[in-house]
Amino acid sequence: MRMSRYLVTIGLEIHCQVKTASKMFCSCAVEYGAEPNTRVCPVCLGLPGALPALNREAIRLSILAGLMFGCRIPEVTTWDRKNYFYPDMPKNYQLSQLHAPVCQGGEVGLDRLHFPNDFQKQAPEGKVVRLDHIHLEEDVGKSTHYENNSLIDFNRAGTPLMEIVTEPDMESAEEAVALLNALRQNLIYGGVSDADMEKGQLRCDVNISLRPPGQKELGAKIELKNLNSISAVRRAIHHEIERQSAELDAGIPQVQSTRRWDDDAGETTLLRTKEDAHDYRYLPDPDLPAVETAELLAAARRDVPELPHHKRQRFTDAYGITPYDAGVLAADRALADWFEQAASAAPAGAKKTANWVINELLARLNADSLHAEQCPVSPQRFAALVDLVSSGGVSQNQGKEILDAMFAGDAASPEAIAAARGFEQVSDSSSIEPFVDQVLAEFPDKVEEWKQGNAKVGNWLTGQVMRHSKGKANPRVVSEMLRSRAGLE
Ligand code: ZN
Ligand code: MN
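It should be emphasised that the depicted structure is a prediction, and the values quoted were computed from it without experimental measurement.

Q: Describe in detail helix α2 (residues 173-189), supporting the description with residues and values.
A: Over its 17 residues, α2 runs 24 Å from end to end, which matches the ideal 24 Å to within 8%, given 1.5 Å per residue. Across the 17 residues that make up α2, a large majority, 14, are buried.

Right, dumping it as structure tokens:
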């Protein structure tokens with residue numbers, strides 16, 4: 001990919017479905033995949049004269065999100081009509097918030113792990129994206145277009161949406177991806193949203209502008225509408241940077257406009273030149289009361305979870321694991337809880353437990369597409385296995401085999417599984433000694449190197465003894481014997 005010689009500025013508007021049982025302004029159920037037009041009433045169908053009523057839980061959850069992102073929560077939040085015509089919104093206005101949105105300001109910290117895998121090495125450290133505000137609004141119906149007709153399903157109409165609007169603080173597609181990942185992680189942590197992009201619970205509009213270095217004011221804002229996957233966001237931004245750069249190079253000025261991303265073709269096409277907020281003729285909604293937030297704010301405060309980056313810091317400090325490992329464990333609230341249960345039950349200690357969770361447990365969970373909550377092995381049995389391995393009862397590889405058996409449904413204790421499979425580590429020194437002798441005789445120069453202080457060689461020599469013993473020797477006993485024989489004790 002050619003580097004653009006222009007400065008890139010990106011802001012996002014993210015629509016995120018709030019996790020409520022019922023809709024924003026009526027009591028119809030929010031239900032994905034139900035028979036079309038069966039979760040509807042006069043309010044969400046937009047029939048004339050129907051009166052909306054507020055969903056308290058949607059407001060409480062939005063305030064909770066605001067607290068997690070350090071937003072200001074105004075004392076009073078109000079409702080506005082955003083006027084536009086669209087067939088999937090028959091009343092011709094969307095109930096939304098312009099003048100006093102439920103959350104104002106705030107910020108989201110980006111962590112290395114939020115960036116795409118292939119970009120984490122170059123990821124900026126400590127990047128923070130500011131939020132302009134978060135407002136609540138209703139989703140519209142869903143139209144499906146066929147050759148000669150279109151069908152509309154209003155089940156989705158009226159679903160509570162939080163619209164999270166960032167400041168234009170991002171400078172690359174990868175930062176935009178990181179912001180989305182960070183938002184998703186926090187929203188799931190707080191139970192605010194499931195943020196499942198495949199189910200359309202999180203959709204993203206990208207505002208992107210390019211300007212030559214040295215120019216102060218931002219270039220024309222081009223909006224990419226309704227991106228519904230992380231990969232689409234990344235690809236669409238890369239494409240748009242290329243496209244706008246090429247036009248600017250050719251002397252074609254950019255104009256404020258809205259474009260559509262075609263995921264199959266991998267390109268954007270012009271939808272319309274962009275309207276401004278005043279084109280929507282926002283006006284205060286006469287049916288919905290202003291909401292005093294104090295009570296909901298107090299309720300939301302009680303539910304603010306330990307945030308992922310705080311958890312990560314605590315794991316690093318309390319368990320002596322690397323920030324990276326702590327980040328992997330803290331990335332998912334259920335996994336973090338699972339790990340802490342196992343760590344507190346493991347005599348072998350948290351650090352060994354963390355290694356086993358990251359290297360062995362996660363691989364098996366991912367292979368079976370399981371979430372930590374669905375793990376077939378309890379944290380306590382897992383802790384017993386880690387202890388069995390680290391006390392030398394079985395070898396690393398045998399431990400992995402035992403974990404496989406536990407995953408496959410073997411309900412016996414790790415010790416019982418080890419005994420049933422004849423896994424016994426040789427720990428008595430008289431059986432190991434011949435192998436140690438053999439290795440010391442075979443590699444005198446390595447032994448010398450080790451004595452000179454190259455600690456890595458010690459591990460290598462242990463490995464050689466392990467090899468001779470066909471993996472059966474207890475590596476801790478081997479390493480102790482080697483040290484004493486080499487005179488390193
Ligand atoms: Zn309804
Ligand atoms: Mn919106």
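Q: Any details on the environment of Asp-279? Residues and values, ideally.
A: Relative to the helices and strands, Asp-279 is located in the loop between β14 (267-273) and β15 (283-284). A relative accessible area of 37% means that Asp-279 is categorised as partly exposed. When the C-alpha positions of Asp-279 and Gly-158 are compared, they lie 23 Å apart, and in sequence the two are 121 residues distant.

Q: Break down the coordination of the manganese ion (ligand 2) for me, with residues and values.
A: Of the protein atoms, only His-15 (NE2), Glu-137 (OE) and Glu-163 (OE) coordinate the manganese ion (ligand 2), at distances of 2.0 to 2.2 Å. Between consecutive donor residues of the manganese ion (ligand 2), the sequence gaps follow H-x121-E-x25-E. Here Glu-137 lies in strand β7 (residues 128-138) and His-15 lies in strand β1 (residues 7-17), a separation of 122 residues in the sequence. Just as His-15 is buried, Glu-137 falls in that class too.

Q: A description of the domain arrangement of the protein should follow, citing residues and the corresponding values.
A: A common way to report how large an interface is uses the accessible area buried once the components associate. What the domain assignment lists for the protein is domain 1 (7-300), domain 2 (308-420) and domain 3 (429-485). Distance between the C-alpha centres of domain 1 and domain 3: 61 Å.

Q: Can you tell me about the pattern of salt bridges, naming the residues and giving the values?
A: Taken as a whole and judged by the stated rule, the model has 32 salt bridges. Two residues, Asp-139 and Arg-156, come together in a salt bridge whose shortest N-O distance is 3.4 Å. Within this pair, whereas Asp-139 is found in the loop between β7 and β8 (142-145), its partner Arg-156 is found in the loop between β9 (150-153) and β10 (160-166), the two being separated by 17 residues in sequence. Its relative accessible area of 4% is what places Asp-139 among the buried residues. Under the relative-accessibility criterion, Arg-156 is labelled partly exposed at 26%. A network of salt bridges, in which partner residues are shared, links Glu-240, Arg-243, Glu-247 and Arg-259.

Q: Which residues make up the environment of Lys-199, and what are the values?
A: In this structure, Lys-199 sits in the loop between α2 and β11 (202-211). Each C-alpha atom of the pair Lys-199 and Tyr-32 lies 7.6 Å from the other, and the pair is 167 residues apart in sequence.

Q: Explain the pairing of β9 residue by residue, including any values.
A: Regular strands place their side chains on alternate faces of the sheet. By the bridge criterion, 4 bridges tie β8 to β9 in an arrangement that is antiparallel. Each residue of the ladder has a partner; that of Lys-142, found in β9, is Asp-153. Hairpin connection, β8 to β9: the antiparallel pair is bridged by 4 residues.

Q: So what's going on with the packing of aromatic side chains? Residues and values would help.
A: Using the criterion set out here, one finds 9 aromatic pairs in the structure. Ring centres 6.0 Å apart and planes at 90° place the aromatic pair Phe-25 and Trp-79 in the edge-to-face group. Of the two residues, Phe-25 sits in the loop between β1 and α1 (56-68) while Trp-79 sits in the loop between β2 (76-77) and β3 (80-83), which places them 54 residues apart along the sequence. Taking relative accessible area as the criterion, Trp-79 reaches 3% and is therefore assigned buried. Here the aromatic rings of Trp-338 and Phe-382 are separated by 5.2 Å at their centres, their planes lie at 65°, and the arrangement is edge-to-face. With Trp-338 in helix α7 (residues 333-345) and Phe-382 in helix α9 (residues 379-390), this residue pair connects regions lying 44 residues apart in the sequence. Each member of the pair, Trp-338 as well as Phe-382, is classed as buried. Here a set of aromatic residues connected by ring pairs shows up, and it is made of Tyr-84, Tyr-280 and Tyr-282. Taking NZ or CZ as reference, Lys-82 lies 4.4 Å from the ring centre of Tyr-280, over its face.

How each quantity is defined
- Residues numbered from 1 in each chain as written.
- Chains lettered and ligands numbered in written order.
- Predicted model: local features only at pLDDT ≥ 70, side-chain atom pairs only at ≥ 80, totals over all residues.
- Heavy atoms only, no water.
- Helix = DSSP H or I, 4+ residues; strand = E, 2+ residues; numbered from the N terminus.
- Expected span 1.5 Å × (residues − 1).
- Buried < 20%, exposed > 50% of the residue type's maximum accessible area, 1.4 Å probe, protein only.
- Donors = N, O, S within 2.8 Å, 3.2 Å for Na, K, Ca; no water.
- Domains from an automatic or database assignment.
- Salt bridge = Lys/Arg side-chain N within 4 Å of Asp/Glu carboxyl O.
- Pairing = 2+ DSSP bridges.
- Phe/Tyr/Trp six-rings, centres within 6.5 Å; stacked < 30°, edge-to-face > 60°.
- Lys NZ or Arg CZ within 6 Å of the ring centre and 35° of its normal.

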